[in-house]
Amino acid sequence: MRGFKETKLDYFIKLGGSLMNPFKNFSVLADYFGNLAKENNYIIFPGGGVIDNYIESIDKDYPLAPIVHHHLCARAQDQTGLFFYSQCNNAEFFEDFIDIENIFLKRKLAIMLPMKQIINLNVFEMTWDITSDTMSAYFAYLLGAKNVDGLYEDISKPDTLIREISATNLIKYGHSVVDACLAPFLLNKGMDCVILNGNNKDNIENFFNNRQYNGTFIYGNQ
């Protein structure tokens, strides 16, 4: 669009924080995406993971002020990103968008530490309803661009994987594999989204190589 710079972003990836357990998953994925970044431009957006879960467990017994859990969870995302960075030999992390272009020029994986932008932009409500799921979609939209195979009708029945769904129909699932705010956001922005299992490296490779994959494709324009 005239008057706006393009980030030249190929893929914006929400990294489920649950992949930290077991930690060896980070090493496998970090190497994989680090190599992919030599050919295309990738941004990794980290979830809060086990650190975020601990914060939530404290809040249940000792309720935290909204401003406190908002800051704590944003910092948890930064820590997940740094852990992931520690396992990748071809990556740089960033807090400010101005650094992205230089990382791409060096053909490195760009790992976003989102706390600074989450707090400074002040666009997210301080509620448990919105998590890194929708935050990642927001930043993907801004930049132009769970540990499950996708969305299931019944998580206990592997044959109920939903391979395609509209954002409108996703709304009925509420806070499930993704948070309750993601579907309305995708619908509002007309953005598509794919949910993949980060533990299944072969499946991730299938997706990025345009082969058949297990996952849920969410249509944002329906």
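Residues numbered from 1 in each chain as written. Predicted model: local features only at pLDDT ≥ 70, side-chain atom pairs only at ≥ 80, totals over all residues. Heavy atoms only, no water.

(A) Inspection of helix α1 (residues 24–36) at higher detail. For α1, which comprises 13 residues, the first-to-last C-alpha distance of 19 Å matches the rise-based estimate of 18 Å (1.5 Å per residue) to within 8%. Of the residues making up α1, those classed as buried are Asn25, Phe26, Leu29, Ala30, Tyr32, Phe33 and Gly34. Against β1 (11–15), β2 (42–46), α3 (66–86), β4 (109–112) and α9 (201–208) lie the buried residues of α1. (Helix = DSSP H or I, 4+ residues; strand = E, 2+ residues; numbered from the N terminus. Expected span 1.5 Å × (residues − 1). Buried < 20%, exposed > 50% of the residue type's maximum accessible area, 1.4 Å probe, protein only. Contact = heavy atoms within 4.5 Å.)

(B) Expanded view of the sheet that holds β4. Here four strands make up an open sheet; going across it, the order is β1-β2-β4-β3 and the pairing parallel. Because the sheet does not close on itself, it has two edges, and the strands there are β1 and β3 (91–94). Across the sheet, the mean angle from the axis of one strand to that of its neighbour is 25 degrees, orientation sign disregarded. One ladder, built from two bridges, connects β2 with β4; its direction is parallel. What sits directly across from isoleucine 44, in β4, is isoleucine 111. (Pairing = 2+ DSSP bridges. Axes fitted to C-alpha atoms, helices over the stretch in contact; angles between N-to-C directions.)

(C) Expanded view of the pattern of salt bridges. One pass over the structure, following the stated rule, counts three salt bridges. We note a salt bridge from lysine 108 to glutamate 92, for which the minimum N-O separation is 3.7 Å. Of this pair, lysine 108 sits in the loop between α4 (100–105) and β4 while glutamate 92 sits in strand β3, and the two are 16 residues apart along the sequence. Overlapping salt bridges bring together Glu92, Lys106 and Lys108 as one network. (Salt bridge = Lys/Arg side-chain N within 4 Å of Asp/Glu carboxyl O.)

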